[in-house]
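Here's the letter readout for the chains.
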Amino acid sequence: MALVLPLETLLMDELFTIVERAKKEWESAVDSISEGVALYEPASFSVRRANWTLARWLNTTPHKMVGADIHSLICGCDRSDCELLPFLRAASSTSLEIERQQAPQKWLLTVYPISNPAQPSPNTVIVLRDVTQERLMQQRVIDAEKRAAMMRTAAELAHQIMPYIGYIQQNLSIVNANMAEVRNALMDYRIALRAAEKASPQGKPPDWENIEARHRVEFMLADIEQALKQGMYDLMRIYKSVDDIGGLQGPAAKMQYNDLNLILENAINFVWSDLRNKVIIERRYQKDLPLVRCNQIRLQTALMSLMIYCAQHIHLDGKIILTTKRLDGQAEIAIEARNHAAADAITAEVADEPDAKAGLVRSIIEEHEGELTIGMQPDGAVSAQVRLPIDGPVSPPAP
């Protein structure tokens, strides 16, 4: 006699089969993923389930992991202050990266608490991802960036040194040319002295002033002294630039408290070879001017450009007036160029000067949160004013 089962029973059996098949497929899928997955009780850290990936990483099997302490399996330490303990008890989803001591591995752990009103202490799913190779590649990228930064620093160093070397060569050429003039003057002195020895006491004395004027002796001596001083300063800057390469960031990245009067003097030394035959410098410095936090090299570069810009509007012998003062909570640097040319000629030159040429200088001043104004004063002087915020102590008195 054939057994006839109700339709409901057949449907339930089929449903159970589908559920069992889905459960196995789910377990197979979880076991086959590349991340380690485990289900544990946060209160006791007891493992309820684990996939094969995590079991292989821990050199065990999923069945042996059931009931084991998840903290001991992952960390293996017995410290009560281990950072992994509060992480495993987290009430919300969070991540933590650890480095295993047993093997050179880095794991990224993520916990997902499972909310279940029927359980007073819900379970938590933990997902472990091996990021060892990923971090290794990231470190290689960082190392490559460091090498590139070192190359950029070396290029920056060369960029900083080359102008100083050029200035030294130029100053040495000035010294060499002036020494030739001084040598000729000394030869004239000797000829005049020998002639004076042979002449009678009542004869005409040697024309010393004419000899010195013809050879510009005083100017040559002063020029030699200035060139030597500038050459020594350039050498000092080269040594400092080389020293600054000790860190991977070059001198252009340094913001320090500096004396604006000293920065102006350094700028004068750099551009003096371009100005010495054209202008005289008049200084009107405020001695107790507070220090300004700035990048010395970049600000000095901007001031050098402004000096040369103002000097270009001097046709004959002229004067550059440098003024520093504290004004409205700011430090002001004023550069004025004056000469004896007609005011309308100067006005035309300033009007024709494109403002784009001041773009680099303006960007440097803006880096320091300052203001730049370039124009002409009512008396015909071409001027440039730089205002910088003051946030440093009073500059030390000059020795």
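Here the structure is a predicted model, which is why all the values come from computation and not from measurement.

I'm lost on the overall build of the chain in this one. Help?
For the chain, the helix and strand inventory stands at twelve helices and twelve strands. Burial status across the chain gives 37% buried among its 399 residues. For the chain, contacts bridging at least 24 residues in sequence account for 63% of all contacts bridging at least 6. Counting only carbon and sulfur atoms, one obtains 57% of the accessible surface of the chain, whose full area is about 24,100 Å².

What's the story with the nonpolar core in this structure? I'm lost.
A general trend in soluble globular proteins is that nonpolar side chains are found buried together. Counting residues in hydrophobic clusters, the biggest one holds 41 residues, and the most contacted among them are L260, L303, I320 and I335. Those elements that place two or more of their residues in this core are α9 (260-275), β7 (279-284), β8 (292-294), α10 (296-311), β9 (318-327), β10 (330-338), α12 (359-367) and β12 (382-389). With residues near it in sequence (within four places) discarded, L260 still touches L289, V292, L299, A331, I333 and L388. In terms of nonpolar packing, the next biggest core, distinct from the first, is built from 24 residues, A50, A90, I98 and L128 among them.

Sorry if this is basic, but what is going on with unusual backbone geometry here?
Excluding glycine, residues mostly carry a negative phi; peptide bonds, for their part, are mostly trans. Unusually for a residue other than glycine, F45 sits at a positive phi of about 65°. Inspection of the secondary structure puts F45 in the loop between β1 (36-41) and β2 (46-50). You can call F45 buried: its relative accessible area is 6%. Despite not being glycine, E369 shows a phi value in the positive range, around 60°. With respect to the element layout, E369 can be found in the loop between α12 and β11 (371-376).

Before we go on, may I ask you to explain the sheet that holds strand β4 (residues 105-113) in this structure?
Within a beta sheet, neighbouring strands are joined by backbone hydrogen bonds and run either parallel or antiparallel to one another. Ordered in space as β2-β1-β5-β4-β3, the five strands form an open sheet in which the pairing is antiparallel. Strands at the two margins of the open sheet, each flanked by one partner only, are β2 and β3 (94-100). For this sheet the average axis-to-axis angle between neighbouring strands, irrespective of direction, equals 30°. The pairing of β1 with strand β5 (residues 124-130) spans five bridges and is antiparallel. Residue pairing in the sheet places A38 in a bridge with I126 of β5.

Help me understand the sheet that holds β11 in this model?
Taken in spatial order, the five strands line up as β7-β9-β10-β12-β11 in an open sheet, and their pairing is mixed. The open sheet has two edge strands with one neighbour each: β7 and β11. Direction aside, neighbouring strands of the sheet carry axes that sit 15° apart on average. Here α10 sits on the sheet and contacts β9, β10, β11 and β12; the angle it forms with β12, its principal contact strand, is near 165°.

Teacher, can you tell me more about the packing of α10 against α12 here?
How two helices pack is summed up by the angle between their axes together with the distance between the axes. Two numbers describe how α10 lies on α12: the axes approach to 9 Å, and their chain directions differ by 140°. Handedness of the crossing formed by α10 with α12: left-handed. Between α10, through R298, L299, A302, S305 and L306, and α12, the contact on the second element is made entirely by V361, I364, I365 and E367. Taken together, the residues of the contact of α10 with α12 break down into six nonpolar, one polar and two charged.

Even after reading the chapter, I still don't get the side chain of E332, so can you show me in this structure?
Relative to the elements of secondary structure, E332 occurs in strand β10. The class for E332 is buried, based on a relative accessible area of 9%. If sequence neighbours within four positions are ignored, E332 has contacts with T323, T324, K325, L327, Q385, V386 and R387.

Sorry if this is basic, but what is going on with the environment of K325 here?
Considering the arrangement of structural elements, one finds K325 in strand β9. Classification of K325 by relative accessible area gives partly exposed; the value is 33%. When the C-alpha atoms of K325 and P290 are compared, they prove to be 9.4 Å apart, with 35 residues separating the residues in sequence. With near-sequence residues (within four places) excluded, K325 lies in contact with Q286, L289, Q330, A331 and E332.

Honestly, α10 in this entry has me stumped. Any pointers?
An α-helix turns once every 3.6 residues. As a result, residues three or four positions apart point the same way. Taking 1.5 Å as the rise per residue, α10 with 16 residues should run 22 Å; its terminal C-alpha atoms sit 22 Å apart, in good agreement. Judged by how many residues are buried, α10 sits mostly within the fold: twelve of 16 residues are covered. Within the span of α10, buried status applies to Q296, I297, L299, Q300, A302, L303, M304, L306, M307, Y309, C310 and A311. At the N-terminal boundary of α10, the capping side chain belongs to N295, with an oxygen 3.0 Å from the backbone nitrogen of R298.

Would you take a moment to explain the pairing of β9 for this structure?
As defined by bridge partners, β7 adjoins β9 across six bridges and the pair is classed as parallel. Pairing of I281 across the sheet is with I320, part of β9. With nine bridges connecting them, β9 and β10 associate as antiparallel partners. Bridge pairing in β10 links I320 to A337. Here β9 folds back onto β10 in antiparallel fashion, the turn holding two residues, of which D328 has a positive phi close to 55°.

For this particular structure, what's the right way to read the side chain of S46?
By secondary structure assignment, the location of S46 is in strand β2. Here S46 is in contact with L39, Y40, E41, G67 and A68, once residues within four sequence places are set aside.

Would you mind showing me how to read the pattern of salt bridges here?
Oppositely charged side chains may form a pair once their charged atoms are brought near each other. Under the counting rule described, the total for this entry stands at twelve salt bridges. Here E134 and R135 are joined by a salt bridge, their closest N and O atoms 3.3 Å apart. Taking relative accessible area as the criterion, R135 reaches 19% and is therefore assigned buried. Linking R338 and E336 is a salt bridge whose minimum nitrogen-to-oxygen distance equals 2.8 Å. A relative accessible area of 10% means that E336 is categorised as buried. Ionic contacts of the salt-bridge type, sharing partners, join the residues E97, R129, E134 and R135 into one network.

Procedures and definitions
Residues numbered from 1 in each chain as written. Predicted model: local features only at pLDDT ≥ 70, side-chain atom pairs only at ≥ 80, totals over all residues. Heavy atoms only, no water. Helix = DSSP H or I, 4+ residues; strand = E, 2+ residues; numbered from the N terminus. Buried < 20%, exposed > 50% of the residue type's maximum accessible area, 1.4 Å probe, protein only. Contact = heavy atoms within 4.5 Å. Areas by Shrake-Rupley, 256 points an atom, 1.4 Å probe, with all protein chains shown as cover. Core = buried A, V, L, I, M, F, W, Y, C linked by side-chain atoms within 4.5 Å. Pairing = 2+ DSSP bridges. Axes fitted to C-alpha atoms, helices over the stretch in contact; angles between N-to-C directions. Left-handed = near helix turned anticlockwise from the far one by under 90°. Nonpolar A, V, L, I, M, F, W, Y, C, P; charged D, E, K, R; others polar. Expected span 1.5 Å × (residues − 1). Polar contact = N/O pair within 3.5 Å; in protein donor to acceptor, adjacent residues only side chain to side chain. Salt bridge = Lys/Arg side-chain N within 4 Å of Asp/Glu carboxyl O.

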